[in-house]
Amino acid sequence: MEVHPEVYNWLGALQIIDGSRPPTINNSGMAALDEDTTMDFENGAGFGVLLSSLGAQRGMPPAPIDAFKMGGSPVSRLYNWNLLGPVLVPFGIRLSDDDKALVVAGDRDFVSHILSQFYERTVGELPMVVPKTRSFYMEDEGSRGFVIDNGAVAADDPSPITSRLAEMGVRDTQYRKSAFGDTLPGEDRSEYAPAPLPVPEKLPGETGPAAAPLRGADDGKDPFQFLDDPSAPKTPLELLGRSIEQPFGLKRGEGEVLLARQPATFQDWMRGADDPPKAPRGRGHPALNWLDAMRAEIRTLAAMLTGKSGAPAETMSLGAASAVFDVLGAGLASKDRRVYFATVQNLCALGRRTKDLPVLRQAQQWLAAAGGPSTHLVRILTAAAKGYGPANIRVGDAKAAADAARVAAADAANGFAPDYEAEPEERAGAQFSLAFHADDESGPDSQFAERAAEAAAVAELVERFCRGSPKHLKTFLLEDLRHGADARSNPKPYIDALNVLMPALLARGPSPRNALATEDTPGMVFLEALRCAEGPADLREASLSLLTTLWSAFPDEIEVKGEDCRQAVSVLKRGARDVERATQIHALACLFQLLHAFINAANAFSPVVYKTIVFMLIEHMRNDVVRDFITAELKVALDTHSNIPVGILVDPVVKQTSPGGQHPGLKRGDFELIASMSEHARLEARPALHLLALCLRSALDHTA
């Protein structure tokens, strides 16, 4: 396989090949690799070794060398190059199916082209190769044929890349030759033997002096431009303008002009209200193609906005920064789930790199703009809320939600961060809410995981953009999101959005939780949910979910007065007495979740909630489904908490199951509750005798 001479010397410097041997330059000016190295690069293993050599220097993902298959068969080649495809993407190299077909067919020219492309992405632009020509100019009889390279006949080193190699700090292993390529038999040519040059103290493949090494991915944050390029974009708007040209079929320079003069046109393209005037290049949706390409340029954009450590970028005006965020967030207005989800992901990636910098303050103002992103985020959150509901609440869900809130509070107090790579349901806070904790796999089109991933992404966006400012987070939740949902005319979308966003923020770990507690945000949102719980049935049900989630997650932080507590319990009672059985189960599950949370936190309101549950058991004694649910949940509570005053429960159970009571007859679930009461640590003598009498009477009745 023939490669560019600079590529050959670069491979030698990286010890991929034997750099001590001079390359064999053919008439076309290319250097030939030996057969074994050629087979390695055709198979893909050579690229794996090359990626591993550069991985530590560039911060790039390692190549799956251990997974490579050996051999030169088409099957091995296809398998290895399929593994290499995702690893080459950060270098700007994307392999299509046609490209892989060329590799499998053994096209060495294409493999050499990929290697040259890889060199240009990591080191710099390759110079043009000038082919050698032979001249037989006969000056006299003793003249011999000699090689003319680029017109430099008398040069000691005819290679056109010597100066670049010296700048790169790569050993120059070229043989020094005279002007004539031939030697006479027995002639001493020792003075022209290869002389190794001193190696500077820098990594192979780096240009410039040792004090200023080659800019890498960790430094420049630009996987496409590793060297200073005069034609590289200098401003964020220019970068965004160039990025939209290819996906939307624009000419060079038209993208920046469009974004500067007609940004609304681009926004129409992104939300699908209008199509580009020209057929876009490439396949697929142009907006998705741009978002995918922009994902690789987020680092470069962030570097332009923030600068480097110790050398921050010049502070942009609020209008200029808002224009950048408007372009990057244009997909939020799209109704296509793929477009707005990818847009949120790109904004999150940018937010990760803008912490504690002036641009973060501008991002917060952009997020809070009236009629801006908050309107679209409400629409995304309410769409995600359609995937959740309390219709499938099971016994034990209330305890699971309360335990998750308790563990999260303990982890936050100790500074433990959650696993952000967990399942979408966990990242969306499904474990904190009954509505999320419900099993939503009933229908084939539920798309529960997708909606949970969207909720987690929006929560990360809000947390990243409001980082370091609890006041901004409070204002966004209580004012900006409210205005975006137009809660004055209909508060239901606002409550639905909070029902999705608040658990997802809790799943983000200590940072958003502490920010919420600092400004008493949970208490303010709790009172808002309490006011909305007096509304229609659908609004009341959503408000109960939000009220319970917040109160169980922040039992000590929410300072609820006695009147507000009685109002909250009254709302839950009203829900438990609703005509719809699903609403009854939901309200009772909320009461049990609060009971577990209050007992765990030793909250003063736990007796109030416990007595309310006992009264609900008496009221629903003839409602088999609801009574069985309350009985099963009470058994779970008694088995979990040893400090519950079980005597309060014994008397009504014994009275209702005695002759003349409302209980239609003891069943297995009732006996399981009686067993839990009998084994409870706080059972006193008198209630124990009542339980014993109940068991004896039941035994005699069944015997008779």
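The written sequence of each chain sets the order in which its residues are numbered from 1. Totals for whole chains, interfaces and linings use all residues, but because this is a predicted model, local features are given only for residues with pLDDT of at least 70 and pairs of side-chain atoms are given and counted only at 80 or more. With hydrogens and water excluded, all non-hydrogen atoms of the structure serve as input to the side-chain values.

Novice: Before we go on, may I ask you to explain the nonpolar core in this structure?
Specialist: Nonpolar side chains tend to gather and get buried jointly when the protein is soluble and globular. Formed by 139 residues in total, the largest nonpolar core has its most connected members in F266, W290, L501, W551, L649 and M677. When residues in this core are grouped by element, the largest group, 11 residues, is from helix α28 (residues 581-600). Contact between two residues is taken to exist if any of their heavy atoms lie within 4.5 Å; hydrogens are not considered. Ignoring any residue separated from it by four or fewer positions in sequence, one finds F266 in contact with I244, F248, L258, L259, W290, V327 and A330. Core analysis: the next-biggest nonpolar cluster, separate from the first, contains 32 residues, L14, L51, L88 and L126 among them. Residues grouped as a nonpolar core are buried Ala, Val, Leu, Ile, Met, Phe, Trp, Tyr and Cys residues, joined through side-chain atoms within 4.5 Å. Residue exposure (1.4 Å probe, protein chains only): buried if accessible area is under 20% of the type maximum, exposed if over 50%, otherwise partly exposed. To qualify as a helix, a DSSP run of H or I must reach at least 4 residues; to qualify as a strand, a run of E must reach at least 2; elements of each kind are numbered from the N terminus.

Novice: Help me understand the pattern of salt bridges in this model?
Specialist: When their charged atoms lie close together, side chains carrying opposite charge are able to pair. Salt bridges are defined as contacts in which a side-chain nitrogen from Lys or Arg sits within 4 Å of a carboxyl oxygen from Asp or Glu. Throughout the structure, instances matching the rule amount to 25 salt bridges. Of the charged contacts, one joins E528 and R482 as a salt bridge, the two residues approaching to 2.5 Å between their closest N and O atoms. Of this pair, E528 sits in helix α25 (residues 521-532) while R482 is found in helix α22 (residues 470-484), placing the two residues 46 residues apart along the sequence. Relative accessible area serves as the criterion here: at 12%, E528 is assigned to the buried category. Here R574 makes a salt bridge to E534, at a shortest N to O gap of 3.1 Å.

Novice: What exactly am I supposed to notice about the packing of aromatic side chains here?
Specialist: Aromatic rings from Phe, Tyr and Trp, taking only the six-membered ring of Trp, are treated as a pair when their centres fall within 6.5 Å; an angle between ring planes under 30 degrees marks them as stacked, one over 60 as edge-to-face, and anything in between as tilted. Applying the stated criterion across every chain, the model contains 12 aromatic pairs. Ring centres 5.1 Å apart and planes at 85° place the aromatic pair W10 and Y119 in the edge-to-face group. With W10 in helix α1 (residues 5-13) and Y119 in helix α6 (residues 108-122), this residue pair connects regions lying 109 residues apart in the sequence. As far as burial versus exposure is concerned, W10 and Y119 are alike and both buried. Note on W366 and F465: the rings are 6.1 Å apart at their centroids and 55° apart in plane angle, and the pair reads as tilted. Taken together, the positions of W366 in helix α16 (residues 358-367) and F465 in helix α21 (residues 448-465) put the pair 99 residues apart, joining distant regions of the chain.

Novice: What am I meant to see in helix α11 (residues 263-271) here?
Specialist: Along an α-helix, residues three or four apart share an orientation, since each turn contains 3.6 residues. Within α11, the full set of buried residues consists of F266, W269 and M270. What you see down the axis of α11 is that its buried residues fit within an arc of 95°, all on one side. On its buried face, α11 sits against α9 (236-245), α10 (254-261), α12 (286-295), α14 (318-328) and α15 (337-351). A positive phi of about 85° marks G272, the residue just after α11. The arc in question is traced by the directions running from the helix axis to the C-beta atoms.

Novice: Honestly, unusual backbone geometry in this entry has me stumped. Any pointers?
Specialist: One non-glycine residue, D520, lies in positive phi territory at about 55°. Considering the arrangement of structural elements, one finds D520 in the loop between α24 (510-518) and α25. A relative accessible area of 36% means that D520 is categorised as partly exposed. Even without a glycine there, the phi angle at A602 is positive, about 55°.

Novice: Can you walk me through α16 in this structure?
Specialist: Most of α16 is tucked away, with seven of its 10 residues classed as buried. Along α16, the residues that are buried comprise V359, L360, Q362, A363, Q364, W366 and L367. Packed against the buried residues of α16 are α13 (298-306), α14, α15, α17 (373-385), α21 and α22.

Novice: I tried to follow the sheet that holds strand β3 (residues 31-32) on my own but got confused; where do I start?
Specialist: Paired through backbone hydrogen bonds, the strands of a sheet run either parallel or antiparallel to each other. By the convention used here, strands pair only if DSSP detects at least 2 bridges between them. Read across the sheet, three strands follow the order β1-β3-β2 without closing on themselves; strand pairing throughout is antiparallel. The open sheet has two edge strands, β1 (2-3) and β2 (24-25), and neither has a second partner. Pairing between β2 and β3: two bridges, direction antiparallel. Across the sheet, T24 pairs through a bridge with A32, a residue of β3.

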